[in-house]
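# Chains, contacts and geometry: an overview
For reference, the chains in residue letters:
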Amino acid sequence: MTARIIDGKSVARKLRGEYQGRVRRLVASHGLQPGLAVILVGSNPASRLYVSNKVRACEEVGIRSERIELPGDVAESTLLAEIDRLNADPTVHGVLVQLPLPPHIAMPRVLERISADKDVDGFHLYNVGGLLTGSTVFPPCTPYGVQKLLEHERVEIAGRNVVVVGASNIVGKPTAMMLMQKDATVCICHKLTRDLAIFTLLADILVVAAGVPNLIVPQMVKTGAVVIDVGINRLPDGRIVGDVDFEGVKEKASLISPVPGGVGPMTVTMLLYNTLRSAERSVGVHHGDDAALDGA
Ligand code: GUN
């Protein structure tokens, strides 16, 4: 069997087109332009690149963006005061602090300071708690992107075995919660899981977010499985690869996401969507595909 390859770029492009239309309608009907504030602390080159991508994507769909750069040795109180200012600003609908933060800053205090109503990353405990009950307002962007890709490819989730490899707060755990909410039977594996293959072989849908190149080889995949690779690893030769042996596994799976060009383009797309929805919520506009309604 040779898998169909998911074109994340094309799905992201299509969704961004839809969101652009919704932004225009919001401006026309309510005179409201969605706004996203992104705070970058320090000069981590990867974080800098991610922030630039987010700002550029906002421009593409008509979301106003504000980039706030603070020095790596900034006092935590200064960062918290900046968040307070953005929480109070009615032109800002999403507030995002790029992670990781320098070690002298307590990440939980920072994430809890962002208003739950502007928490477009979905990292505030209120929204994390909502993942457990299917009522979160802002699903975290990467898991939300995985869910949207599966929906777009019309992958049935209810009753299927989902195995998530990786138990991070940003990807593994929320992905598991969101797919459980869609009535999958979910198993989470992580770096101390023994006999990983025993679990992965059970997966109808295998989501891999472990940060280990070539972790998943064909012998670990059930014939016909759907394989979603969330890994982004830079090899010593500069190539970017996921966590899945793509060339091998694509001969066994029925559907597979590549790296790059799979989940990656969806993450920023869902950030745009959360920001758009936050702006719409602020004026009481609701759509049938809002996160809490579609059971994310
Ligand atoms: N660092 C790595 N991924 C993310 C993300 O999704 N959001 C934020 N704020 N920081 C990150």
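Small disclaimer: the values here were computed from a predicted structure and weren't measured.

### A word on the site of the ligand
In the region of the ligand, the neighbouring residues are K54, L96, V97, Q98, L99, D121 and F123. Side-chain polar atom of Q98 to a nitrogen atom of the ligand: 3.4 Å apart, as the coordinates give it. Taking L99, its main chain carries an N or O atom lying 3.0 Å from a nitrogen atom of the ligand. Relative to its unbound accessible area of 280 Å², the ligand is 80% covered by the protein chains. Taking a 2 Å distance to the grid points as the criterion, the majority of the atoms of the ligand fall inside the largest pocket. Considered class by class, the residues forming the shell around the ligand number four nonpolar, one polar and two charged.

### A closer look at the sheet that holds strand 4 (residues 94-97)
Each strand in a sheet pairs with its neighbour through backbone hydrogen bonds, running either in the same direction (parallel) or in the opposite one (antiparallel). Strand order in the open sheet formed by three strands is 3-2-4, and the pairing between neighbours is parallel. Each edge of the open sheet carries a strand with a single partner, namely strand 3 (64-70) and strand 4. The sheet shows a mean angle of 15 degrees between the axes of neighbouring strands, taken without regard to direction. As defined by bridge partners, strand 2 (residues 35-41) adjoins strand 4 across four bridges and the pair is classed as parallel.

### A short note on the side chain of S47
Mapping S47 onto the fold places it in helix 2 (residues 45-61). Non-local contacts of S47, meaning those with residues more than four positions away in its chain, are made with L40, Q98, L99 and P100.

Definitions and cut-offs
Residues numbered from 1 in each chain as written. Predicted model: local features only at pLDDT ≥ 70, side-chain atom pairs only at ≥ 80, totals over all residues. Heavy atoms only, no water. Near = heavy atom within 4 Å. Polar contact = N/O pair within 3.5 Å; in protein donor to acceptor, adjacent residues only side chain to side chain. Areas by Shrake-Rupley, 256 points an atom, 1.4 Å probe, with all protein chains shown as cover. 1 Å grid on protein atoms, 1.4 Å probe; cavity = no way out; pocket = protein on both sides within 12 Å on 5 of 7 lines; lining within 4 Å. Sits in = over half its atoms within 2 Å of the grid points. Nonpolar A, V, L, I, M, F, W, Y, C, P; charged D, E, K, R; others polar. Pairing = 2+ DSSP bridges. Helix = DSSP H or I, 4+ residues; strand = E, 2+ residues; numbered from the N terminus. Axes fitted to C-alpha atoms, helices over the stretch in contact; angles between N-to-C directions. Contact = heavy atoms within 4.5 Å.

Treat this as a map of the structure, not an account of what it does.
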